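# Descriptive analysis of the structure
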Amino acid sequence: MIDHLDQIFVLLRHWLVSFLPAPLQPVVCVLLSVAAIVSLFPALFALTTVFERKGLARIQNRIGPNRVGPFGVLQPIADGIKSLTKEDIVPLSADAAVHFLAPVVLVVAVFMGFAVLPMGRNMVLADMNAGLLFYFAMGASTELSVFMAGWSSRNKYSLLGAMRAVAQMISYEVVLLLSSVTVVMMAGSLSLSKIVAAQNHYSWGLPHWYIFTPWGCAGFVMYAIAATAETNRSPFDLPEGESELVAGYHTEYSGFKFALFFLGEYLAMFSISGLGTTLFLGGWSAPFSFLTWIPSWIWFFSKLMLSIFVFIWLRGTLPRLRQDQLMNFAWKFVLPMCLLNLLVAGLWRFLGDGWARWAVCSVILIGAYGAMGWGEMRRKHIGPRSYRYAE
Amino acid sequence: MSFVFYLLAALTVAGAFAAMLLKNTVHCALALTVAFAGLALLFLNLDAQFAGFAQILVYIGAVAILVVFAILLTRGSETPRDGVFSRTWFVGLLIAAGVFATLSWAVLQSVRVLPHETAVPTVTVLQIGNALVGRFVLPLEIVALLLTAATIGAVIVAMHEKEGQQ
């Protein structure tokens with residue numbers, strides 16, 4: 001029974017396909033999985049918009065949307081109808097073809113990333129040998145669509161926003177890749193299912209997730225920073241900093257094309273959270289060995305939604321960075337720590353089992369973090385804040 | 001040669017032609033990206049996963065972005081007045097045809113030199129990784145050194161310019 005519940009979607013697909021003639025079966029099998037992904041994640045996006053607005057409102061001591069439906073939960077339906085019925089305005093001097101293609105390319109590239117994420121036991125659309133490489137290749141393609149949107153609008157704000165976004169995404173993609181490489185070194189595979197399988201065993205009831213090792217914990221923190229920057233979320237949301245750039249690269253988009261950008265941003269957030277879950281948080285495996293009876297897909301989506309909650313929490317908490325702070329942080333702090341983490345992961349591998357490797361790796365990482373942070377702070381000469389006019 | 005191959009080949013060639021013939025420079029860069037994507041798909045069609053994904057990651061993710069940045073930072077994307085064809089297009093065509101002829105000759109000769117290669121080789125990413133850090137570690141390190149030198153050189157050029165402005 002429990003096994004059936006765990007595999008319910010796989011069995012459902014198998015049952016549906018069994019009605020068809022044999023030559024059609026593999027094609028329909030893939031199409032059903034694609035349909036599930038393409039319908040599930042936009043639905044999750046609709047829920048998340050309410051969740052985010054409610055959460056942000058709570059953080060800012062407001063009530064949030066409460067007019068449409070009970071507690072405002074039908075708000076996304078109203079928003080969807082609104083964006084469908086709005087006039088689609090294309091600026092006269094815009095490059096019509098590229099302007100049209102940009103949101104399409106963005107959403108397609110972001111959806112492709114879901115193909116390799118294992119969302120439960122046996123629940124992965126394409127179990128590739130080079131799954132992680134595929135994911136990053138698709139992630140790299142979204143940068144071009146951001147540029148296309150900004151350039152084709154013929155608007156200074158759009159172009160500046162796109163340039164900022166592309167510069168930021170390229171810088172943090174280095175960090176994203178390097179922090180994931182440690183996991184590949186340990187698991188010995190680029191296949192995401194194998195990475196989950198490598199973490200899915202327990203000692204004393206506790207899981208062997210990579211976040212519970214010194215290099216994994218450091219790698220996860222850097223991955224989370226890079227993921228926030230890659231998805232242009234606050235505090236790294238300067239590409240669309242509304243106080244300076246109106247809305248950044250999608251200033252000149254209205255109606256459903258704007259909704260597509262919005263969708264793309266949230267889908268990117270889901271997929272990058274899913275990848276982080278897979279790499280560091282054990283994917284679909286349960287956090288304690290006595291909880292393994294709960295279906296694997298529930299664990300994956302719980303971890304995903306927990307990451308989304310942290311994203312919303314950060315957005316409600318942190319102020320926006322400045323452009324030079326953003327670049328300095330990526331290249332002068334996170335990147336050296338990533339390179340050091342690669343070395344530490346190698347040490348961890350060759351020091352063998354025992355307490356020695358825990359001590360050595362932790363001391364190196366914490367020491368480097370402390371030394372670099374202390375040095376940077378000393379150079380900044382940060383003293384007590386003085387107010388010129390407000391006293 | 002399957003139907004998929006012809007489809008991808010048509011896409012790649014169309015992208016390359018558009019990159020050559022379009023008036024707007026940014027459009028050319030975007031068309032070149034289509035050609036890159038077509039090449040990546042051709043690699044995947046041949047079951048070379050690593051080459052295909054690396055092609056997307058490096059060429060679409062980095063080289064295309066570099067090209068559009070270079071275009072926007074230098075001349076702007078407006079159409080040059082004297083057309084998109086350079087005056088030496090015939091020489092360029094000759095060189096391109098020569099390179100193409102040499103490569104096709106080499107590819108066609110390989111059938112005669114290696115007549116027993118009938119089975120499709122299966123190369124996994126793991127094998128490529130092992131070969132790179134095992135047998136081919138010296139070339140890898142030399143390339144890494146070269147790229148580091150190039151990066152340092154780029155930084156020095158950029159810093160020099162900044163001093164001149166101040």
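## As for the overall build of chain A
- Each helix and strand in chain A was counted, giving 14 helices and two strands.
- For 391 residues, the compact-globule formula gives about 21 Å, and the C-alpha radius of gyration of chain A, at 23 Å, lands near that figure.
- Across the 391 residues that make up chain A, the buried fraction comes to 41%.
- Taking as baseline every contact in chain A between residues at least 6 positions apart, the subset at least 24 positions apart corresponds to 76%.

## As for the packing of helix α13 (residues 323–350) of chain A against helix α14 (residues 355–380) of chain A
Residue and element names in this part refer to chain A.
- Packing of α13 against α14 brings their axes to within 10 Å, and their N-to-C directions diverge by 165 degrees. Relative to α14, the element α13 lies roughly antiparallel. For the crossing formed where α13 meets α14, the hand is right-handed. Side by side, α13 and α14 meet where Phe333, Pro336, Met337, Leu340, Val344, Leu347 and Trp348 of the first sit next to Arg357, Val360, Cys361, Ile364, Leu365, Ala368, Tyr369, Met372 and Glu376 of the second.
- By residue class, the composition of the contact of α13 with α14 is 14 nonpolar, no polar and two charged.

## Some remarks on the interface of chain B and chain A
- Each partner contributes to the interface: chain B provides 15 residues, whereas chain A provides 18 residues.
- Those elements that place two or more of their residues in the side of chain B that touches chain A are α2 (25–45) and α3 (49–73) of chain B.
- With 10 residues, the top contributor of residues to the side of chain B that touches chain A is α3 of chain B.
- Residues of the side of chain B that touches chain A, tallied by class, amount to 11 nonpolar, four polar and no charged.

## Some thoughts on the packing of helix α6 (residues 131–152) of chain A against α3 of chain B
- At their nearest, the axes of α6 of chain A and α3 of chain B sit 9 Å apart, and the two run at 20 degrees to each other. In terms of orientation, α6 of chain A lies roughly parallel with respect to α3 of chain B. The crossing of α6 of chain A and α3 of chain B is left-handed. Along its contact with α6 of chain A, which presents Leu133, Phe134, Phe136, Ala137, Ala140, Ser141, Glu143, Leu144 and Phe147 of chain A, the element α3 of chain B presents Phe50, Phe53, Ile56, Leu57, Ile60, Gly61, Ala64, Ile65 and Val68 of chain B.
- Residue classes in the contact of α6 of chain A with α3 of chain B are distributed as 15 nonpolar, two polar and one charged.

## Considering the domain arrangement of chain A
Residues and elements named next belong to chain A.
- Each assigned domain of chain A is listed here: domain 1 (1–40) and domain 2 (89–377).
- Contacts between domain 1 and domain 2 engage 10 residues on the former and 10 residues on the latter.
- The dominant element in the side of domain 1 that touches domain 2, judged by the number of residues it contributes, is helix α3 (residues 25–59), at four residues.
- Of the residues belonging to the side of domain 1 that touches domain 2, the class tally is seven nonpolar, two polar and one charged.

## Some details on the environment of phenylalanine 258 of chain A
Residue and element names in this part refer to chain A.
- Looking at the element boundaries, phenylalanine 258 is found in helix α11 (residues 255–280).
- With 19 C-beta atoms packed within 10 Å, phenylalanine 258 lands in the partly exposed category.
- With residues up to four places along the chain from it excluded, the contact list for phenylalanine 258 reads Ser83, His250 and Tyr253.

## Quick notes on unusual backbone geometry
- Non-glycine residue phenylalanine 71 of chain A carries a positive phi angle of around 55 degrees.
- Tracing the backbone through its elements, the reader meets phenylalanine 71 of chain A in the loop between α3 and α4 (75–85).

## Looking at α11 of chain A
All names here are of chain A.
- In a regular helix each residue adds 1.5 Å, so 26 residues correspond to 38 Å; α11 covers 38 Å between its end C-alpha atoms and thus fits that length.
- The buried fraction of α11 is high, at 19 of 26 residues.
- Looking at the residues trailing α11, positive phi occurs at glycine 282, about 75 degrees.

Parameters and conventions
- Residues numbered from 1 in each chain as written.
- Chains lettered and ligands numbered in written order.
- Predicted model: local features only at pLDDT ≥ 70, side-chain atom pairs only at ≥ 80, totals over all residues.
- Helix = DSSP H or I, 4+ residues; strand = E, 2+ residues; numbered from the N terminus.
- Rg over C-alpha atoms; globule rule 2.2 N^0.38 Å.
- Buried ≥ 20, exposed ≤ 12 C-beta atoms within 10 Å, placed from the backbone.
- Contact = placed C-beta atoms within 7 Å.
- Axes fitted to C-alpha atoms, helices over the stretch in contact; angles between N-to-C directions.
- Parallel < 35°, antiparallel > 145°, perpendicular 65-115°, else oblique.
- Left-handed = near helix turned anticlockwise from the far one by under 90°.
- Nonpolar A, V, L, I, M, F, W, Y, C, P; charged D, E, K, R; others polar.
- Domains from an automatic or database assignment.
- Expected span 1.5 Å × (residues − 1).

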